[in-house]
Amino acid sequence: MVIEYVGQNIRQVVADMREKRYAQEGIGSSYLFRVDHDTIIDATKCGNLARFINHCCTPNCYAKVITIEAQKKIVIYSKQAIGVNEEITYDYKFPIEDTKIPCLCRTESCRGTLN
Ligand SMILES: [Zn+2]
């Protein structure tokens, strides 16, 4: 285990409202992490270092939803040994959308976009 992705647990309708509000406020980066079909963890204004972990198409970590005392949590686990000063990354696994977000991971197997 590397770190838990900490934030506020919110429902889809709240996430949709917040996403629009953050865009209006000029908050460009999204720290909304989907747990299941109606649960999102919002680390925009209440989170920990996990929200700064970048996406990579060939990552050294992965995100997994686990349940502790009936509450779903997102935990980042390592896939391999991680060296000192090596960047920690995981695959965001965003759903496919028409408006593409370019991927900047620059690995050989880069998919080109996050979604
Ligand atoms: Zn990539």
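Residues numbered from 1 in each chain as written. Predicted model: local features only at pLDDT ≥ 70, side-chain atom pairs only at ≥ 80, totals over all residues. Heavy atoms only, no water.

Here we take up the packing of aromatic side chains. Taken as a whole and assessed by the stated rule, the structure comprises 6 aromatic pairs. Aromatic side chains Phe33 and Tyr90 sit 6.2 Å apart centroid to centroid with 25° between the ring planes, which places their arrangement in the stacked category. Here Phe33 is found in strand β3 (residues 32-36), whereas its partner Tyr90 is found in strand β8 (residues 89-90), with 57 residues between them in sequence. Just as Phe33 is buried, Tyr90 falls in that class too. For the ring pair Tyr90 and Tyr92, a centre distance of 5.1 Å and an interplane angle of 45° mean the geometry is tilted. Among the residues examined, Tyr90 registers a relative accessible area of 3% and is labelled buried. One aromatic cluster is present, formed by Tyr5, Phe33, Tyr90, Tyr92 and Phe94 through successive ring pairs. When the ring centre of Tyr31 is taken as origin, the NZ or CZ atom of Arg51, which lies over that ring, is 4.5 Å away. (Phe/Tyr/Trp six-rings, centres within 6.5 Å; stacked < 30°, edge-to-face > 60°. Helix = DSSP H or I, 4+ residues; strand = E, 2+ residues; numbered from the N terminus. Buried < 20%, exposed > 50% of the residue type's maximum accessible area, 1.4 Å probe, protein only. Lys NZ or Arg CZ within 6 Å of the ring centre and 35° of its normal.)

A separate point is the pattern of salt bridges. Counted by the stated rule, this structure contains 6 salt bridges. Across the salt bridge formed by Glu4 and Lys73, the nearest N and O atoms sit 3.7 Å from each other. Of the two residues, Glu4 is situated in strand β1 (residues 3-5) and Lys73 in strand β7 (residues 71-78); the sequence distance between them amounts to 69 residues. The exposure class of Glu4 is partly exposed, given its relative accessible area of 24%. Glu25 is paired through a salt bridge with Arg21; the nearest N and O atoms lie 3.7 Å apart. For Glu25, a relative accessible area of 42% puts it in the partly exposed group. Members of the salt-bridge network, linked through shared partners, are Arg21, Glu25 and Lys45. (Salt bridge = Lys/Arg side-chain N within 4 Å of Asp/Glu carboxyl O.)

Before going further, it helps to examine the coordination of the zinc ion. Every protein donor of the zinc ion is listed here as Cys57 (SG), Cys103 (SG), Cys105 (SG) and Cys110 (SG), and their distances to the metal cover 2.2 to 2.4 Å. Seen from the zinc ion, its 4 donor atoms lie at angles of 105 to 114°, and the figure they make is tetrahedral. Overall, Cys57 belongs to the buried group, its relative accessible area being 12%. Classification of Cys110 as partly exposed rests on a relative accessible area of 27%. (Donors = N, O, S within 2.8 Å, 3.2 Å for Na, K, Ca; no water. Tetrahedral: all angles 85-135°; square planar, octahedral: opposite > 155°, others 65-115°.)

With that out of the way, let us pick up the UniProt feature "domain: SET" (unreviewed entry) in the chain. The UniProt entry lists residues 1-93 under the feature "domain: SET" (unreviewed entry), expressed in the numbering used here. Each end of residues 1-93 is marked by a C-alpha atom, and these two atoms are 19 Å apart; helix forms 14% of the span and strand 38%. (UniProt positions renumbered as here; feature names shortened; annotations may be inferred.)

On the basis of which strands lie adjacent, the open sheet formed by 3 strands has the order β2-β4-β3 and antiparallel pairing. Single-partner strands in this sheet number two, and they are β2 (8-10) and β3. Taking each pair of neighbouring strands and ignoring which way they run, the sheet shows an average axis angle of 30°. Here β2 runs beside strand β4 (residues 39-42); their pairing, made up of 3 bridges, is antiparallel. Each residue of the ladder has a partner; that of Gln8, found in β4, is Asp42. Relative to β2, helix α1 (residues 12-24) is tilted by about 115°, and along the sheet it contacts β2, β3 and β4. (Pairing = 2+ DSSP bridges. Axes fitted to C-alpha atoms, helices over the stretch in contact; angles between N-to-C directions. Contact = heavy atoms within 4.5 Å.)

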